[in-house]
Amino acid sequence: MASPAIVLPEHCSEEKLSGIWSWITTVDHKRIGVMYGVSALSFFILGGVEALAIRTQLAMPNQSIVGAHFYNSLVTMHATTMIFLMVMPLSAAFFNYMVPLMIGARDVAFPRLNAFSFWTFLFGGLFINSSFFFGEAPAAGWFGYANLTSIQYSPGPGVDFWALGLQTLGVASLAAGFNFIATILNMRAPGMSLMRMPVFVWMTLVVQFLVILSFPMITVALILLTFDRMFGTNFYVPEAGGDPLLWQHLFWLFGHPEVYILILPAMGIVSEVLPVFARKPLFGAPFVIFSGILIGFVGFGVWSHHMFTTGLGPVADTAFSLATMLIAIPTGVKIFNWLATIWGGSIRFTTAMLFALGFISMFTIGGLSGVMHASPPIDLHHQDSYFVVAHFHYVLYGGAILGLFSGIYYWFPKITGKLMDESWGKVHFWSSLVGLNVTFFPMHFLGMQGMPRRVYTYEGGFGWDIWNLCATVGAFTLALSALIFFINLLKSLANGEQAGNDPWDGATLEWTLTSPPPVHNFDLMPKVTSERPFWDQKYGSTHGHDDTTEVAEEEQLPAEIHIHMPPASYWPMVVSFGVITFFAGLMIHPVVSVVGALTVIVGTVAWTFEPE
Amino acid sequence: MSSDHSAVSVHEHPPPSFGVPNLKLAFWLFLASDCMLFGSLIATYLSYRGKDQLFGNGPYPLDLFSVEVTTISTFDLLMSSVTMVLAVAAIQRGNMFQTRLWLGLTALLGAIFVGFQGYEFTHFYLEGLKLQGNLFGSTFYVLTGFHGTHVTLGVVWLLLVLATTFTKHRGMVTHLNVEVAGLYWHFVDIVWIVIFTLVYLMEYTV
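Keep in mind it's a predicted model, so treat the numbers as computed, not measured. (Residues numbered from 1 in each chain as written. Chains lettered and ligands numbered in written order. Predicted model: local features only at pLDDT ≥ 70, side-chain atom pairs only at ≥ 80, totals over all residues. Heavy atoms only, no water.)

(A) Molecular detail of the overall build of chain A. Helix and strand counts for chain A stand at 18 helices and two strands. A principal-axis box enclosing the C-alpha atoms of chain A has dimensions of 75 × 60 × 50 Å. Taken across its 612 residues, chain A has 61% of its residues classed as buried. Across chain A, the fraction of contacts at a sequence separation of at least 24, relative to all contacts at a separation of at least 6, is 82%. Accessible area for chain A stands at about 22400 Å²; split by element, carbon and sulfur atoms hold 72% of it. Charge separation in chain A, taken as the distance between the mean sites of 22 positive and 36 negative side-chain charges, equals 5 Å. (Helix = DSSP H or I, 4+ residues; strand = E, 2+ residues; numbered from the N terminus. Buried < 20%, exposed > 50% of the residue type's maximum accessible area, 1.4 Å probe, protein only. Contact = heavy atoms within 4.5 Å. Areas by Shrake-Rupley, 256 points an atom, 1.4 Å probe, with all protein chains shown as cover. Lys, Arg positive; Asp, Glu negative; His and termini not counted. Charge placed at Lys NZ, Arg CZ, Asp CG, Glu CD.)

If you want it as structure tokens, here you go:
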């Protein structure tokens, strides 16, 4: 059929879309996705340098390369950076770039709100990290337990930077949560029923529900903390009857859903990558989807397994222990489904596939040690030891980050139009795999031998020396692998092989578009008849009953199609700036906060009256 | 998609797959999220309730509460939900005069509620209930203060919608926009019913 001419609005012209101003004012989900990705990878370097400093300090007993207090700052900032500024925004990069493409939409439901989320995230991240230059970086741990965070025990500005920075990041995540749920539920292409959505989109949906329901609880926890520190209230002050455990409950009510916020996107990516490179549909896709939903749901009922040692009593311990073990079932279902997907497939061992397979194996190791912690008596021994550090690095590095790397190698050609170099990619994969096992596996032994977490140095002769040295060597191997990745990324960006539209023989809608996709994504709304629309288009329907006839009715197309695109706007960034000014003002002067609040109000009103 | 014309304008998106407009859906989600916010604040209040008595650290709720005054302000806020419903009904009928009337009255009733709260805070403060004083002071002011902030923002929002009806932007005062403001307003009302019951009325149970 003759394709109709596409007429885009004037503000989408070539020259209007170049230059730094076009990035600052962009409301295009693809550009926002790229900005999320670049920011997250920059913070990845920062968090990685902090990890190297930690491992250098711990390489040998009785070292004093960094002082005790700065070590605490490093531990706190490494965790805060990797969780909130690396894994979450890198996942957000994929949500932004891929979800509208995968569901056949032109953009997200609220493009300007999306830009607001990005800028608020970026300002929040920079705000927390600016603490390094203003006296003191946060040093009370990423979990910020009361009453270590009280004025009495943390008199410096670090905790304020941390609390207000996280609050800002929370605003960004909540706004993105409302936006993405509305997008996924409402903006699917005709024929894309919920059960035909790609699993990655499903996992995004579950994650956003977790975000909007769990972040308000840490918002309250942080508000109470800020009031305690700035206005002298008594929420976490034991002398006045306040209970430090209140913080732990509120924090982990958020904190446990948060770990699924970190891992489910990677699970979604792996569920897209494995079928394509095994050339088989995802085995038992509905089970994978419902397992993800179940993980999200039960994830709200297990927070107290972080608190077994606080003495909640046998009833609470039993209930939380059971709920925690229950989560292993849907997780196990997913792992077996992934294995069944590659079973008997014609497998292509691309870098993306290797990272996906690495994800399955490493995540399983982390999952197994996780089930051990579900038992309160065992947890009493593990708590605050390096065994726990080993566990969550297997699920976070071995799980989330390997999964995200898989996503980068898989979607880089779509985003840039270039292929990433496969040979260097494989070197990156194997050095990551070796590096992470050399770093984190010995930590199991260290934990069993009684080495506590969060100590800045230790005495020799406990049998810890060799494993600490081993972990440090592993950490530098990981740094080397990251360096290889970044060189590959930049080299491929500069002169990588042309990717074409569909380099991997993909099954989902994003591969039907050019690489990179045009600004308006789809000329015409795609019509979806199965969960693998592009495979159906290329190879015919794989379903028993042929429902492709729906598209057979040739539609009479107009000669010209005018596409409405939202214009660029700087108001989202102005409002974000108001938000961060408001929070920063709480530390500087009330007048600054008032200016921030007024900026938010003026910006919001101006934004509302802007033509869409 | 119409095929009768030689050129068609493809609007941003096809109709919502979920049957609810984007804005309304996003607002329902926001309210779900806000439930968790108030849930956490209320849980904090309840978990500390009565603890001051153990520490002999007054003043206590019954030293301060005047259930008559708070009942009047509660009635005022509930009536504002009625006027809000009337505003939504008016815009649905396209009656701009009544829309303005009911929106203005809702904002006024909301402002009166905030005024009651201002009176209550001042009165309690003078009676010796400090934010920094005891747990009741900390939890009471923060919980009701956050609710009061929600009401205040709601009043500002309603006034903005009202002001828009007099400007060249009056086309923006659509049924959907008024309805979404109404969703928020009713939510804030419902939260107050919970707070009034748990914070005030519960003190009078034996």
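Still to come is the rest of the account.
(B) Helix H12 (residues 386-416) of chain A, seen in detail. Residue and element names in this part refer to chain A. At Tyr-410, H12 is deflected by roughly 40°, the largest bend along its length, and proline Pro-413 occurs up to four residues later in sequence. Most of H12 sits inside the fold, with 27 of its 31 residues counted as buried. Of the residues trailing H12, Gly-417 is marked for its positive phi of about 85°. (Bend = angle between axes of the 7 residues up to and from the residue.)

(C) Just the packing of aromatic side chains, in detail. One pass over the structure, following the stated rule, counts 72 aromatic pairs over all chains. Plain terms: the ring middles of A:Phe355 and A:Phe405 are 5.4 Å apart, the flat faces sit at 45° to each other, and that makes the pair tilted. Within this pair, whereas A:Phe355 is found in helix H10 (residues 351-373), its partner A:Phe405 is found in helix H12, the two being separated by 50 residues in sequence. Aromatic rings pair up to connect B:Tyr45, B:Phe65, B:Phe113, B:Phe121, B:Phe124, B:Phe136, B:Phe140, B:Tyr141, B:Trp192, B:Phe196 and B:Tyr200 into one cluster. Between A:Arg31 and the ring centre of A:Trp23, over which it is positioned, the NZ or CZ distance is 4.2 Å. Here the guanidinium or amino end of B:Lys130 rests over the ring plane of B:Tyr125, the centre of that ring lying 4.8 Å away. (Phe/Tyr/Trp six-rings, centres within 6.5 Å; stacked < 30°, edge-to-face > 60°. Lys NZ or Arg CZ within 6 Å of the ring centre and 35° of its normal.)

(D) Up close: the nonpolar core. Grouped together as the largest cluster of nonpolar side chains are 238 residues, with contacts concentrated most on A:Phe44, A:Phe84, A:Tyr236, A:Phe359 and B:Phe140. When residues no more than four places from it in sequence are discounted, the contact partners of B:Phe140 are B:Tyr45, B:Phe65, B:Glu120, B:Phe121, B:Phe124, B:Leu129, B:Gly145, B:Val199 and B:Tyr200. The next biggest cluster of nonpolar side chains, apart from the first, holds five residues, and it includes A:Cys12, A:Val519, A:Ile561 and A:Met565. (Core = buried A, V, L, I, M, F, W, Y, C linked by side-chain atoms within 4.5 Å.)

(E) Geometry of the confidence of the model for chain B. Per-residue pLDDT for chain B averages 91, and the proportion of residues at 70 or more is 93%. In the model, residues 1-12 of chain B has pLDDT below 50 throughout and makes 23 contacts with residues more than four positions away in sequence or in other chains. (pLDDT = per-residue confidence, 0-100.)

(F) Just the interface of chain B and chain A, in detail. Taken together, the contact pairs 48 residues of chain B with 51 residues of chain A. With both chains or domains summed, chain B and chain A bury close to 4200 Å², and 68% of this area falls on carbon and sulfur atoms. Our enumeration of links across chain B and chain A arrives at zero salt bridges. Here chain B is connected to chain A by 13 residue pairs in polar contact (both at pLDDT 80 or more). Of all elements in the fold, only strand S1 (7-10), helix H1 (22-48), helix H2 (51-55) and helix H6 (135-164) of chain B reach the threshold of two or more residues within the side of chain B that touches chain A. It is H1(B) that provides the largest number of residues to the side of chain B that touches chain A, a total of 15 residues. Class assignment of the residues belonging to the side of chain B that touches chain A gives a composition of 27 nonpolar, 19 polar and two charged. (Buried area = accessible area lost by both parts, 1.4 Å probe. Salt bridge = Lys/Arg side-chain N within 4 Å of Asp/Glu carboxyl O. Polar contact = N/O pair within 3.5 Å; in protein donor to acceptor, adjacent residues only side chain to side chain. Nonpolar A, V, L, I, M, F, W, Y, C, P; charged D, E, K, R; others polar.)

(G) Structural view of a nonpolar patch on the surface. Residue and element names in this part refer to chain B. A surface patch of nonpolar side chains, about 480 Å² in accessible area, is lined by Phe-75, Leu-78, Met-79, Val-82, Leu-86 and Ile-193. Looking at the nonpolar patch, the element that brings in the most residues is helix H4 (residues 67-93), giving five residues. Tracing the backbone through its elements, the reader meets Met-79 in helix H4. The class for Met-79 is partly exposed, based on a relative accessible area of 32%. (Patch = residues over 30% accessible without salt bridge, like charges linked within 9 Å, V, L, I, M, F, W, Y side chains within 5 Å.)

(H) Molecular detail of the packing of helix H5 (residues 158-186) of chain A against helix H6 (residues 199-231) of chain A. Residue and element names in this part refer to chain A. Between H5 and H6, the least distance of the axes is 8 Å, while the angle of their chain directions is 150°. Taken as axis vectors, H5 and H6 run roughly antiparallel relative to one another. Handedness of the H5/H6 crossing: left-handed. (Axes fitted to C-alpha atoms, helices over the stretch in contact; angles between N-to-C directions. Parallel < 35°, antiparallel > 145°, perpendicular 65-115°, else oblique. Left-handed = near helix turned anticlockwise from the far one by under 90°.)

(I) Inspection of the pattern of salt bridges at higher detail. All names here are of chain A. Per the stated rule, a full pass over the model turns up 10 salt bridges over all chains. Between Asp-28 and Lys-30 there is a salt bridge, with the nearest N and O atoms lying 3.3 Å from each other. Between Arg-112 and Glu-610 there is a salt bridge, and its shortest N-O distance comes to 2.8 Å. With a gap of 498 residues between them, Arg-112 in helix H4 (residues 111-130) and Glu-610 in the segment after helix H18 (590-609) connect regions that are remote in the sequence. Each of Asp-502, Asp-505 and Lys-538 takes part in a single network of salt bridges with overlapping partners.

(J) Molecular detail of the side chain of A:Asp160. Residue and element names in this part refer to chain A. Note that Asp-160 resides in helix H5. Looking at Asp-160, its side chain comes within polar contact range of the side chain of Arg-229, at 2.7 Å. With residues up to four places along the chain from it excluded, the contact list for Asp-160 reads Gly-165, Arg-229, Met-230 and Met-587.

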